[in-house]
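Notes for the structure review
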Amino acid sequence: MPTISRRDVILSAPVAAAAFGLDRSLAIAAPPRSQKTPAPAKGFFRYKVGDAKCTAVYDGIWEKPHDPAYFSNATVAETKRALARAGLTTAFVTIPISVFVIELNGKLVLCDAGGGNQVQAFNPAAVFVSGKMMTNMRAAGIDPEKIETILISHFHPDHIFGLLEKNTNRPAFPNAEIIVPAAEYKWWTDPSLITRLPQGRRPLARRIQAVIPNWKNVLPVQGEDEVVPGIRFVSAPGHTPGHTAFHISSGNQQLMISSDAAYVPALCAAHPGWHGVFDQDAKVAEVSRRKLLDRVIADKMMICGSHFPWPGLGKVGRDGAGYALTVHTA
């Protein structure tokens, strides 16, 4: 398992403080930095996949400073060249955060839950904004209380903290069924995990273990079942032990919600062999990434991802030894 740099831990400020033995006030003393990347003028984007009504919902953005440890087999200079080739700023790594609402077969389904304004980059040069999901969902005409099912791809903070109310850990969606990959649930809720994790990840595991197993509306699901009519789990481990993508099928159209299998396409799709520090098992993640993207190409699917350039929808094709994403313009 790679060691997460103290410079780049993404946890709530009190959690980060506890992880490193700091006084909590020190973790929140620095004034928040403003994001340099403009937020979308409209924080939602609608499209259809067959009869499925899909809405991308903007939750925020992480502007990540360059770090030699980001990839074990790629330099900062190579990272900057890849970003420039994709037409992105090279001043930092731009990592948008999106969630997806799918209305299909009479069900209203939320795919991942964003960061809930509870995630901060420990690096003071970074910007981490999250928690815009609820406001943008309502702006799209979606009542969060009407969400019936929530699918969780993995248990990283920018995907699950939106499930929890800030400061209280009360459920933000108390009436929704929350379906999670069984392998992910089992790994994070194992009591012996705490002592096996690097210090920086222990607070996250403690929070998960203190809250998620006590919720009666959480359903761990094994394998690649159809978890909602028209939506299947697709196993894509490596980023985390149970990391999962979501496959939507309606009529003769398909969409793959790739979650974090290729989290920054300009880097991880263009260079699928680059091994990122946030992939828990980078070699397994690479195999999953290639398998998933090859399937999307072979089956002529649309693809979206949690950290794709807004609005997160596109087509992927082969590009030399890697893959190229063509993003739909909002």
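Model, not experiment: these values are computed from the prediction.

Attention now goes to the nonpolar core. Soluble globular proteins tend to pack their nonpolar side chains together in the buried interior. Among the nonpolar cores identified, the biggest contains 72 residues, and Tyr70, Ile147, Leu163 and Leu267 are the most heavily contacted of them. Top element by residues in this core is strand β4 (residues 93-104). It accounts for 5 residues. Residues Val49, Val109, Val127 and Leu151 belong to the second largest nonpolar core, which totals 30 residues.

Within the open sheet, the 7 strands sit side by side as β11-β12-β13-β14-β15-β16-β17. Their pairing is mixed. In this open sheet, the two strands that pair with only one neighbour each are β11 (226-228) and β17 (322-327). Strand after strand, the sheet turns through a mean of 35 degrees between neighbouring axes, direction not considered. Along the sheet, helix α10 (residues 282-298) makes contact with β12 (231-235), β13 (244-250), β14 (253-257), β15 (302-304), β16 (313-319) and β17, crossing β16 at roughly 105 degrees.

In this section: the confidence of the model for the chain. Per-residue pLDDT for the chain has a mean of 91; in total, 90% of the residues score no lower than 70. Contacts for the low-pLDDT stretch residues 1-30, under 50 throughout, to residues beyond four places or in other chains number 67 contacts.

So, about the pattern of salt bridges. Throughout the structure, instances matching the rule amount to 6 salt bridges. Taking the shortest distance from any N to any O, the salt bridge between Asp319 and Arg85 comes out at 2.9 Å. Here Arg85 lies in helix α3 (residues 76-85) and Asp319 lies in strand β16, a separation of 234 residues in the sequence.

Looking now at unusual backbone geometry. Of note, the amide linkage connecting Trp310 to Pro311 takes the cis form, showing an omega dihedral of 10 degrees. Of note, Pro311 is situated in the loop between β15 and β16. Even without being a glycine, Asp112 presents a positive backbone phi close to 70 degrees. By secondary structure assignment, the location of Asp112 is in the loop between β5 (107-111) and β6 (120-121). For Ser259, which is not glycine, the phi dihedral falls at a positive 55 degrees. Its place among the elements puts Ser259 in the loop between β14 and α9 (265-269).

On to the side chain of Thr94. Structurally, the position occupied by Thr94 is in strand β4. Given a relative accessible area of 15%, Thr94 falls into the buried group. Residues contacting Thr94, with those up to four places away along its chain left out, are Thr37, Ile61, Trp62 and Thr89.

To continue, consider the environment of Val101. For Val101, the position within the fold is in strand β4. Accessibility expressed as a relative area gives 3% for Val101, which makes it buried. A C-alpha to C-alpha distance of 13 Å links Val101 and Glu145, two positions 44 residues apart in sequence. Every residue in contact with Val101, bar those within four places of it in the chain, is listed here: Lys53, Cys54, Thr55, Val57, Leu108, Val109, Leu110, Met137, Ile142 and Ile147.

The next subject is the pairing of β13. Buried residues dominate β13, accounting for 6 of its 7 residues. Both β12 and β13 contribute to a ladder of 5 bridges, which runs antiparallel. Residue pairing in the sheet places Arg232 in a bridge with His247 of β13. Counting the residues in the hairpin turn of β13 and β14 gives 2 residues, including Gly251, whose phi is positive at 60 degrees.

Scoring rules and cut-offs
Residues numbered from 1 in each chain as written. Predicted model: local features only at pLDDT ≥ 70, side-chain atom pairs only at ≥ 80, totals over all residues. Heavy atoms only, no water. Core = buried A, V, L, I, M, F, W, Y, C linked by side-chain atoms within 4.5 Å. Buried < 20%, exposed > 50% of the residue type's maximum accessible area, 1.4 Å probe, protein only. Helix = DSSP H or I, 4+ residues; strand = E, 2+ residues; numbered from the N terminus. Pairing = 2+ DSSP bridges. Axes fitted to C-alpha atoms, helices over the stretch in contact; angles between N-to-C directions. Contact = heavy atoms within 4.5 Å. pLDDT = per-residue confidence, 0-100. Salt bridge = Lys/Arg side-chain N within 4 Å of Asp/Glu carboxyl O.

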